[in-house]
There are 2 protein chains.
Amino acid sequence: MASISNGIPEKTIERLSEYRRTLLSCHQQGITHIFSHVLAGIHGITAVQVRRDLMLIGFSSDTKKGYDVKVLIDFISNILDSENPVNVAIIGMGHLGQAITRYFNSKGLKLRITASFDVDPAKIGTTIEEIPCYPMEQFEQEVEDQDISIVVVSCPTKEAPRLVVPIINAGIKGVLNFTSTRLNFPQGIYVENYDITTLLEKVAYCVKEAEENNNN
Amino acid sequence: MASISNGIPEKTIERLSEYRRTLLSCHQQGITHIFSHVLAGIHGITAVQVRRDLMLIGFSSDTKKGYDVKVLIDFISNILDSENPVNVAIIGMGHLGQAITRYFNSKGLKLRITASFDVDPAKIGTTIEEIPCYPMEQFEQEVEDQDISIVVVSCPTKEAPRLVVPIINAGIKGVLNFTSTRLNFPQGIYVENYDITTLLEKVAYCVKEAEENNNN
């Protein structure tokens, strides 16, 4: 559960994605080298954790000048990215779907949102952030035509369960589900269920704990 | 890093939030008892993990009928929730801010979004999802008047760094940051930096890994 097929823990995968964003930003600023403790400081973790993560993916570097930013970006990209661009569809083009689309396609990643789907006639046939919005009836056909392998589910929670069968039938391989309903899929389809409420409840809990500790 | 002040791991806190949502849904459906393996199945984890999480918070129950749903909801709420409602503000009322507001205030939780802030004159002075939108200049005053302790940062990434000082000055205790810029705060302010890109990159990685394993 906590680790993925080849033994790299899920949390390491998440941090690699985060390190890469920081490194890309460093690279844009003309920074060529970065020490593990600097990278660690930016991410609020220890240098040991950074070095452990990079050891897990087999990265080693000259530590006198720190990590070579460009080399490390390429190394992480080689781990995280597919060789070819991966096409993603959004199901549910409400505020969350639009926010994700806007946010994501501006980043120049190997992942790109190429299609969106909705049941609202006011949205179907329009382009939102240059992404065409199709009716759900065309889902399987468009997934095939556009070689889409990942979907983001950002429809209303009560609509989510009825998406499971179309997603399976269309041959989707990965699902990122933002609704409050957990979606379960057969083996071979990776699903990440992420309810934003969880994050906010966690922050609230940490605030509460800190206050209680201060009062003791 | 992985555990919070009182020794409950962060992942357990996240799962408790998820268990509670499932239990609330069971309760609404009139289900009075649930076995650990059923709860585990819904969440795609093992029954051992569920029992370990509940042991960590000191919950024990008659296992013949499973957990009493209502009792477990109250027990988890007692761990996660503050005694009084906690007020939350959204900074940045674009699509993401509106999605979070709509999504969150419908849930009847102890956390409630009471104010939003933006720099866009078209938004300031309006109510969005019944939440008034104030100019950023009023941030400190409104935080004090409304006793707001948590903020959600959902503004454009490039605007985020300049929010750090106002957030500190206003006495905010917890920050949930959805932008691509990590925000660092002094001790005493809990921050959860969460870039949605991380989740999508993780899903993409898992899909890629599964494909490579199939090809071998």
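Quick notes on the rules
- Residues numbered from 1 in each chain as written.
- Chains lettered and ligands numbered in written order.
- Predicted model: local features only at pLDDT ≥ 70, side-chain atom pairs only at ≥ 80, totals over all residues.
- Heavy atoms only, no water.
- Helix = DSSP H or I, 4+ residues; strand = E, 2+ residues; numbered from the N terminus.
- Buried < 20%, exposed > 50% of the residue type's maximum accessible area, 1.4 Å probe, protein only.
- Contact = heavy atoms within 4.5 Å.
- Lys, Arg positive; Asp, Glu negative; His and termini not counted.
- Charge placed at Lys NZ, Arg CZ, Asp CG, Glu CD.
- Least-squares fit on C-alpha atoms with pLDDT ≥ 70 in both.
- UniProt positions renumbered as here; feature names shortened; annotations may be inferred.
- Pairing = 2+ DSSP bridges.
- Buried area = accessible area lost by both parts, 1.4 Å probe.
- Salt bridge = Lys/Arg side-chain N within 4 Å of Asp/Glu carboxyl O.
- Polar contact = N/O pair within 3.5 Å; in protein donor to acceptor, adjacent residues only side chain to side chain.
- Nonpolar A, V, L, I, M, F, W, Y, C, P; charged D, E, K, R; others polar.
- 1 Å grid on protein atoms, 1.4 Å probe; cavity = no way out; pocket = protein on both sides within 12 Å on 5 of 7 lines; lining within 4 Å.
- Points joined across faces, edges and corners; volume = space filled by probe spheres on them.
- Expected span 1.5 Å × (residues − 1).
- Arc of directions from axis to C-beta.

Asks: I tried to follow the overall build of chain A on my own but got confused; where do I start?
Replies: A count of helical and extended segments in chain A gives eight helices and nine strands. For chain A, the C-alpha atoms occupy an extent of roughly 60 × 50 × 35 Å along the three principal directions. The buried share among the 216 residues of chain A stands at 53%. Within chain A, contacts between residues at least 6 apart in sequence are counted, and of these 54% link residues at least 24 apart. Averaging the coordinates of the 20 positive side-chain charges in chain A and doing the same for the 26 negative ones gives two points 7 Å apart.

Asks: Would you explain the relation of the copies chain A and chain B in this entry?
Replies: Both copies of the chain are related by one operation, a rotation about an axis with a shift along it. Overlaying chain A with chain B gives an RMSD of 0.0 Å, the required rotation being 180° about an axis along which the chain moves by 0.0 Å. Here the transformation between the copies is reduced to the relation of a two-fold axis. Across chain A, the smallest distance between a C-alpha and the rotation axis is recorded for H95(A), namely 2.4 Å. Taken together, the interface assignments show that 100% of the residues at the interface of chain A recur at the interface of chain B, consistent with an identical surface on both copies.

Asks: Would you mind showing me how to read the UniProt feature "DNA-binding region" (unreviewed entry) in chain A here?
Replies: In the numbering used here, UniProt assigns the feature "DNA-binding region" (unreviewed entry) to residues 18-57 of chain A. When the span residues 18-57 of chain A is considered, its composition is 72% helix and 5% strand, and the gap between its end C-alpha atoms is 15 Å.

Asks: It is not clear to me how the sheet that holds strand β5 (residues 127-128) of chain A should be interpreted in this structure. Could you clarify?
Replies: Hydrogen bonds between backbone groups are what pair the strands of a sheet, and the pairing can be parallel or antiparallel. All names here are of chain A. A sheet is described by the order of its strands in space; here seven strands give the open sequence β5-β6-β4-β3-β7-β8-β9, paired in mixed fashion. Looking at the sheet topology across the chains shown, the edges are occupied by β5 and β9 (190-193). With three bridges connecting them, strand β4 (residues 111-118) and strand β6 (residues 131-135) associate as parallel partners. Residue pairing in the sheet places S116 in a bridge with C133 of β6.

Asks: Help me understand the interface of chain A and chain B in this model?
Replies: One frequent convention defines the size of an interface as the accessible area lost when the parts assemble. With 66 residues of chain A in contact, the opposing surface of chain B contributes 66 residues. Interface area for chain A against chain B, summed over the two sides, is near 6400 Å², with a carbon-plus-sulfur share of 63%. For E10(A), the salt bridge identified is with K202(B), shortest N-O distance 2.8 Å. Applying the counting criterion to the chain A and chain B interface returns 29 residue pairs in polar contact (both at pLDDT 80 or more). Elements represented by at least two residues in the side of chain A that touches chain B include exactly α1 (10-28), α2 (36-43), α4 (69-80), α5 (95-105), β7 (148-153), β8 (174-177), β9 and α8 (196-215) of chain A. Here the side of chain A that touches chain B is composed, by residue class, of 30 nonpolar, 17 polar and 19 charged.

Asks: Please explain the pairing of β4(A) as it appears in this structure.
Replies: The side chains of a regular strand alternate between the sheet's two faces. All names here are of chain A. Counting buried residues in β4 gives seven out of eight residues, a clear majority hidden from the surface. Looking at chain direction, strand β3 (residues 86-91) and β4 are connected through six bridges and run parallel. Across the sheet, I91 pairs through a bridge with F117, a residue of β4.

Asks: I keep staring at the layout of surface pockets and nothing clicks. Help me out?
Replies: Over the atoms a probe the size of a water molecule is rolled, and this reveals where empty space is left. By volume, the second largest pocket amounts to about 1300 Å³. Along the walls of the second largest pocket sit 48 residues, with C155(B), P156(B), T157(B), T179(B) and S180(B) positioned nearest its centre. Secondary structure elements with two or more residues in the lining of the second largest pocket: α1, α2 and α5 of chain A together with α5 (95-105) and β4 (111-118) of chain B. Tallying contributions element by element places α1(A) first for the lining of the second largest pocket, with seven residues. The residue makeup of the lining of the second largest pocket, split by class, is 20 nonpolar, 17 polar and 11 charged.

Asks: I'm lost on helix α4 (residues 69-80) of chain B in this one. Help?
Replies: Every α-helical turn comprises 3.6 residues, leaving residues that sit three or four positions apart pointing alike. Here α4(B) spans 16 Å end to end across 12 residues, near enough to the 16 Å set by a 1.5 Å rise per residue. All of the buried residues along α4(B) are V69(B), L72(B), I73(B), I76(B), S77(B), I79(B) and L80(B). Taken down its axis, α4(B) places every buried residue within 160° of arc, on the same side. Buried residues belonging to α4(B) abut α8 of chain A together with α1 (10-28), β1 (33-34), α3 (47-56) and β2 (67-68) of chain B. Sitting at the head of α4(B), D68(B) places a side-chain oxygen 3.0 Å from the backbone nitrogen of K70(B).

Asks: Got a minute to help me understand the pairing of β6(A) in this structure?
Replies: All names here are of chain A. Among the five residues that make up β6, four are buried, leaving the element largely enclosed by the rest of the structure. As judged from the two bridges shared by β5 and β6, these two strands associate in the antiparallel manner. Bridging across to β6, T127 finds its partner in P132.

Asks: Help me understand the environment of L23(A), please; the structure alone is not making it clear to me.
Replies: Residues and elements named next belong to chain A. Along the chain, L23 turns up in helix α1. Residue L23 is classed as buried on the basis of its relative accessible area, which comes to 0%. Sequence-wise, L23 and P85 are 62 residues apart; in three dimensions their C-alpha atoms are separated by 21 Å. Those residues in contact with L23 that sit more than four places away from it in its chain are I34, L39, V69, L72, I73 and I76.

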